[in-house]
Amino acid sequence: MNVRLYLWQRATAALMVPLVLVHIAVIFYAARNGMTAADILSRTHGSIVWASYYGLFVAAASIHAAIGVRNVLAEWSPLKDRGASQFAIVFGFLLAGLGARAVFAVVLS
Amino acid sequence: MLGDLSVSLWRGGKEGRYETYSVPQRQSQTVLDVVTFVQRHIDPTLSYRFACRVGVCGSCAMTVNGRPRWTCRTHVSKVAGSGRLEIGPLENLPVIKDLATDMEPFFEKWQKAQGVFAPSKTRHETIEQIRPDSAARRLADAAIECINCGVCYAACDTVRWNADYLGPAALTRAWTLLNDERDAGGTARLQAVAAAGGCHACHSHQSCQELCPQTLNPTAAIAGLKRRTAAAYLKGEIKA
Amino acid sequence: MIARGAMHRGSALWIAALVHRLSGLALAIFLPLHFLALGLAIDGEAKLEGFLRWTDQPLVKFAEGGLIFLLTVHLLGGLRVLVIENFDWRDGQKQLATLAAALSAIIAFFFLARVF
């Protein structure tokens, strides 16, 4: 369990390095040009590229955050390993679900 | 003519309090000198541990002004800035009495990490030649001089937060054995350090590396363990 | 029986590790809210537009700058861990850690400069 969690944590971290850099660039671009919702959605609507990019980002972030939260809970809260793992799993699914919904919202709706 | 030091020493067990004593300052005085003075001239009921007094045995480690150190190698002039010293037992270990801690959990974790040499030959076989400049031997030598003083264990926050965590010393010893060509501990030892509380629990705070009086680097050793266990897991040699 | 004022806990690398952990927690709390905000687009562009205009307030922009700082500092702190764990030991880590914090602050500052 430990090796597996460790590897998933580090792998999603490494994967997200370029994803985050692109995201920061996107934020800067949107901020500079004072983009409206219409501006943003017209770019993301029906875009395979944005769907893939953000879909991947959501998946990686959900896994990474869940494992991270699990570790912090196990060390800093009264929850022990099992309680922390259970909470983390629920949290991970919550992130993945809300994230998928957000991607759907900007690409398809 | 040097003045007096105001020294607070932990008295009691898990429950207790700091008591303050007045100790005359001397040239080149060490913290161990101070503790010894209190026990010999002021309060003979003080309990503390020491042996060599010259920085080779690691028995005198205590918490000095919040930091775990060897008291025989800590000059008072370096730590008692305002003429005050606070000395307590090492953290993260059960207190027996006053400044003496129970090192048993430390050594139990040593065993759990399989920090024990596993022989691979009998006396009837030829001795293998170990080149001191081989890559593996260099890694082992860089980490081998641990004398089990417990300073790293006392300094480590992960030990404090995670009761299962084997700790920097035990894991470093396991690392040296993994790099020892003569050792036959192999995948069993990798499995031991990959268990809950093993090398993956380390967050690289590096307090161990900063405070080790032997200038060892457990953070680097543990990073090595992380790489070895990951590779072994991916090759199917150990279970998650 | 906790020793007071543990000095080694003030070291640059220990602080780096703590900042990494706290920024991660903060981002983990923020993320569901971020996804909920974007999900407003399901109800149509006007809803999202309303929210975006709400974020034009200076206080919200400051908070966004703070979030960018947290994201960058968490990324750089994570890189520190990935390098320690996967590459040969290197010295000068304390300086790099301090540099990383400064870089994150600078990037957040640039963001704020763009929006104000």
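Scroll up for the structure.
Residues numbered from 1 in each chain as written. Chains lettered and ligands numbered in written order. Predicted model: local features only at pLDDT ≥ 70, side-chain atom pairs only at ≥ 80, totals over all residues.

Engineer: Quick one: what's the story with the interface of chain A and chain C, residue by residue and with numbers?
Structural biologist: Facing 28 residues of chain A, the contacting portion of chain C comprises 24 residues. Of all the secondary-structure elements, those providing two or more residues to the side of chain A that touches chain C are α1 (2–32), α2 (37–44), α3 (48–76) and α4 (81–107) of chain A. Sort the elements by how many residues they give to the side of chain A that touches chain C and α1(A) lands first, with 10 residues. The residue makeup of the side of chain A that touches chain C, split by class, is 21 nonpolar, four polar and three charged. (Contact = placed C-beta atoms within 7 Å. Helix = DSSP H or I, 4+ residues; strand = E, 2+ residues; numbered from the N terminus. Nonpolar A, V, L, I, M, F, W, Y, C, P; charged D, E, K, R; others polar.)

Engineer: How would you sum up the interface of chain B and chain C? Please name residues and give values.
Structural biologist: Taken together, the contact between chain B and chain C spans 25 residues of the former and 16 residues of the latter. Those elements giving two or more residues to the side of chain B that touches chain C turn out to be β5 (84–88), α9 (207–211) and α10 (218–234) of chain B. Per-element accounting of the side of chain B that touches chain C gives the leading share, five residues, to α10(B). Each residue belonging to the side of chain B that touches chain C can be placed in one class, and the counts come to six nonpolar, 12 polar and seven charged.

Engineer: So what's going on with the sheet that holds strand β4 (residues 67–70) of chain B? Residues and values would help.
Structural biologist: All names here are of chain B. With respect to topology, five strands assemble into an open sheet ordered β2-β1-β5-β3-β4, the strand pairing being mixed. Two strands close off the open sheet at either side, each with one partner strand: β2 (16–24) and β4. Neighbour-to-neighbour, the strand axes of the sheet open up by a mean angle of 35°, direction not taken into account. The sheet contact formed by strand β3 (residues 61–64) and β5 spans two bridges and is antiparallel. Its bridge partner lying in β5, Val64 is registered against Ile87. Contacting β1 (4–12), β2, β3 and β5, helix α1 (residues 31–42) crosses the sheet at an angle of about 95° to β2. (Pairing = 2+ DSSP bridges. Axes fitted to C-alpha atoms, helices over the stretch in contact; angles between N-to-C directions.)

In short, geometric facts, not functional conclusions.
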